[in-house]
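Residue-level structural notes
Residue-level listing of the chains:
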Amino acid sequence: MAVAEAQLYAKVSNKHRGRGTSALLEPLLAKGFPAHIAQKALVATGQKTTEDAAKWLHSHCNDPSLDDPIPQEYALYLCPTGRLHSRLQEFWRESKRQCGKNRAHEVFPHVTLCDFFTCEDQKVELLYDILKRVGDIFSQRFPPSISLTLHASPSYLGFFIDDSQANVLKELAVAFSSEASALADCHVKPSLKQFHLTLAHRFYPHHQKTLEQLAKCINPGEPCQWVAALYSRDMRFVHYQRLRALFQYKPQNIDELMIKAGDLIYVDPRQQSEVSEGWVIGTSHRTGCRGFLPENYTEKAHESDTWVKHREYVFETASRSFTKTEKEPNVKLNGEAHNLSMSGSVTNVLSLQNAALKRGVLVMHHGERVDQVFGKSWLQQCLTADGKYYRADLNFPSSLPRRKDSMKQFECDPPLSCCGIFQSRLTGEALLDQEVTVSYVYSSPALCCVQTAQHILQGLRLNQRVKIRVEPGLFEWTKWEASRAIPDFMTVAELVEASYNIDTGYRGNFPLSSLVPSESYEDYVSRSSAVIKQIITACPSKGKGVTLIVGHGSSLASLTRALTGLPSRDSRDLAQMVKKIPSLGMCFCEELKEENKWQMVNPPVKTLTHGANAAFNWRNAIMED
């Protein structure tokens, strides 16, 4: 047993004092489930129904921790509902869209009354009774409305609660913790510091102004009904990351994890260093089973997505003018559901911000290269004895463009595979479907990037109208070149002769001669920052079109972070990040002209995901025993 798990076991009391068998527990015992496992299932499902618990037990039949006596952790939160909650959720969406994710996005809007504490499974019902009793006691004293005052600092943004009202909430928290400690044998600490409702936390300082502007559009006096809610989480996975499965995955090997679309997965970042590239090892929240799964089948989830809501106490207040049955019309804005009845100030701010979006920059990773499929010696597989190229597999291109120098130069400057060509054209067609107007195209001098740009333009039906500007400054960090030398790229004349739609009048900001082998990371960051600024300057700000930049995996971070004012990544972090960027992975930045800055937003099209297709030898597979 791991040391950490042994410490968790040490926290668990061996005493089994508790109340009589509950009405929900009896049917599970009648089905033959042991009492401690049946109680565990009830707690894991919030003690809602016997059917939910039985379904949980069925899903966890192969859970190796099913017999473990580790309890859940519980927290008591005061949560807003009604129109104020809708405005806060609107802020959550807009702040994430405009400034990226921060720590506050991990949990729903709340005020902490009692932070997480442990409680044995057989005593959880006592917490429900205590919440009801304490709620009844304070129902008459609960503030008719709660006064919220906006507070901002370089790393925190939120509403502070008026002291006189906060004192009542503190007394409520103390009463709950005292009874829970005495009756349920729990060690509960009430929150006694400044009561607050966090809007943003641990964000980049240069986002503070934007976040404050969005926060000032929230009317804290909106009708609201406050609810004291008891939540639980699995204490074993407190410091784990959460992933959500986008697709179903059926294991191909015994050590892989079965997942369904929507499954939540716990992933320990400390255990990923030994895992093969493109895979993660995690534990399923739905089944409790552990195994490997493909990382590109998942997306990041929020911490509270795996929490379970147990019971709540609704405080009836004078400010209540909203019920759950009321419906507010929603519309789609930038792919997100937005409320039409939001305050006029929010609508005005968003419309002004959208009106200020003059330009977009779409930075894209090139398509699949032949060497990524067939290895570094791919060219040797395609040459006849007399040195002529032939197609050894359908994923090899049907022909190679003509070069004046040796064909061996393709080894260091490989072309796209046929799948890479398809990926690029498909992405161009998706951009066309979304009515994205591409006005300028820049490409790294690498052949795979030029080809990607060419086929994207074909998918957009712009290959006759928009020419590709080959910019040597967009080449990747030269330290990563295996040959320790700058590749001999095809010249502009050779590219034109090969029917690539190249802007022959364009002169790069960085000549090829300026690229040096094994440049320092600082030089690469400086080069990337300079080239993106020069590209932005060269593309007229009056137009509203998108500038497409086709580069390498590192381009997605080095160009967009420089454009949006974010600090550069650590070189080791960059290497790990690049491994996770798929073919045609993209980042999109929009200009806020009135604020003289750029922000990262959702790309106009979805990511392209597909599985591997291994080589097949019918003779070996079918004929041999």
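Residues numbered from 1 in each chain as written. Predicted model: local features only at pLDDT ≥ 70, side-chain atom pairs only at ≥ 80, totals over all residues. Heavy atoms only, no water.

The protein appears in an unreviewed UniProt entry as Ubiquitin-associated and SH3 domain-containing protein A from Chaetops frenatus. Quoted verbatim from the Subunit (unreviewed entry) field of the UniProt record, the comment on the protein reads "Homodimer or homooligomer. Interacts with CBL. Part of a complex containing CBL and activated EGFR. Interacts with ubiquitin and with mono-ubiquitinated proteins. Interacts with dynamin." (UniProt positions renumbered as here; feature names shortened; annotations may be inferred.)

Focus: the overall build of the protein
Across its full length, the protein holds 17 helices and 20 strands. Expressed as a percentage of the 625 residues in the protein, the buried residues total 49%. A sequence separation of at least 24 residues applies to 76% of the contacts in the protein between residues at least 6 apart. As displayed, the protein offers around 31000 Å² of accessible surface, 51% of which is attributable to carbon and sulfur atoms. (Helix = DSSP H or I, 4+ residues; strand = E, 2+ residues; numbered from the N terminus. Buried < 20%, exposed > 50% of the residue type's maximum accessible area, 1.4 Å probe, protein only. Contact = heavy atoms within 4.5 Å. Areas by Shrake-Rupley, 256 points an atom, 1.4 Å probe, with all protein chains shown as cover.)

Quick word on the packing of aromatic side chains
Counted under the stated rule, the structure contains 27 aromatic pairs. Ring geometry for Tyr74 against Phe117: centres 6.2 Å apart, planes inclined by 35°, an arrangement best described as tilted. Placement of Tyr74 in strand E1 (residues 72-81) and of Phe117 in strand E2 (residues 111-119) is noted, with a sequence separation of 43 residues between them. Residue classification places Tyr74 among the buried positions, given a relative accessible area of 0%. Overall, the relative accessible area of 3% leaves Phe117 in the buried class. In this structure an aromatic cluster arises from ring pairing among Tyr77, Phe108, Phe116, Tyr231 and Trp307. Positioned above the aromatic ring of Phe116 is the side chain of Arg233, whose terminal nitrogen or guanidinium carbon lies 3.6 Å from the ring centre. When the ring centre of Phe410 is taken as reference, the NZ or CZ atom of Arg403 above it lies at 5.3 Å. (Phe/Tyr/Trp six-rings, centres within 6.5 Å; stacked < 30°, edge-to-face > 60°. Lys NZ or Arg CZ within 6 Å of the ring centre and 35° of its normal.)

Thoughts on helix H5 (residues 82-99)
It helps to recall that an α-helix has 3.6 residues per turn; residues three or four apart then point in one direction. With 18 residues, H5 should reach 26 Å at 1.5 Å per residue; the first-to-last C-alpha distance of 26 Å fits that figure. Just beyond H5, the residue with positive phi is Gly100, at close to 85°. (Expected span 1.5 Å × (residues − 1).)

What about the packing of helix H6 (residues 124-138) against helix H7 (residues 163-183)?
Interaxial distance between H6 and H7 falls to 10 Å at its minimum, and their mutual angle equals 145°. Crossing hand, H6 versus H7: right-handed. Of the residues in H7, those in contact with Leu126, Leu127, Ile130, Leu131, Arg133, Val134 and Phe138 of H6 are Val168, Glu171, Leu172, Ala175, Phe176, Glu179, Ala180 and Leu183. Partitioned by chemical class, the residues of the contact of H6 with H7 number 12 nonpolar, no polar and 3 charged. (Axes fitted to C-alpha atoms, helices over the stretch in contact; angles between N-to-C directions. Left-handed = near helix turned anticlockwise from the far one by under 90°. Nonpolar A, V, L, I, M, F, W, Y, C, P; charged D, E, K, R; others polar.)

Quick look at the nonpolar core
If you look at the biggest cluster of nonpolar residues, it comprises 53 residues, and the most contacted ones within it are Leu78, Phe91, Leu113, Leu127, Phe176, Leu199 and Trp226. Ignoring anything within four residues of it in the chain, the contact list for Phe176 reads Leu76, Cys114, Phe117, Leu127, Ile130, Leu131, Val134 and Leu230. Ranked by size, the runner-up nonpolar core spans 44 residues in total, among them Phe374, Cys448, Val450 and Val546. (Core = buried A, V, L, I, M, F, W, Y, C linked by side-chain atoms within 4.5 Å.)

Some words on the packing of helix H11 (residues 418-433) against helix H12 (residues 447-460)
Orientation of H11 relative to H12, taken along the N-to-C sense of each, is 40°, at an axis distance of 7 Å. Relative to H12, H11 is oriented oblique. Between H11 and H12 lies a crossing of right-handed hand. Only Thr452, His455, Ile456, Gln458, Gly459 and Leu460 of H12 make contact with H11, whose side of the interface consists of Ile421, Ser424, Arg425, Gly428, Glu429, Leu431 and Leu432. Split by residue class, the contact of H11 with H12 holds 5 nonpolar, 6 polar and 2 charged. (Parallel < 35°, antiparallel > 145°, perpendicular 65-115°, else oblique.)

Quick notes on the environment of Arg97
Among the secondary structure elements, Arg97 is positioned in helix H5. Through-space distance from the C-alpha of Arg97 to that of Gln599 is 8.8 Å; in sequence the pair is 502 residues apart.

Some words on the pairing of strand E4 (residues 156-161)
The buried count for E4 comes to 5 of 6 residues, which makes it a mostly enclosed element. The pairing of E4 with strand E5 (residues 196-201) spans 5 bridges and is classified as antiparallel. When the sheet's bridge partners are listed, Phe160 is paired in E5 with His196. (Pairing = 2+ DSSP bridges.)

A short note on the side chain of Gln272
Relative to the assigned elements, Gln272 resides in the loop between strand E8 (264-267) and strand E9 (279-284). Among the residues examined, Gln272 registers a relative accessible area of 17% and is labelled buried. For Gln272, the side chain forms a polar contact with the main-chain oxygen of Asp268, separated by 2.9 Å. Sequence-distant contacts of Gln272, defined by excluding residues within four places in its chain, comprise Val267, Trp279, Val280 and Ile281. (Polar contact = N/O pair within 3.5 Å; in protein donor to acceptor, adjacent residues only side chain to side chain.)

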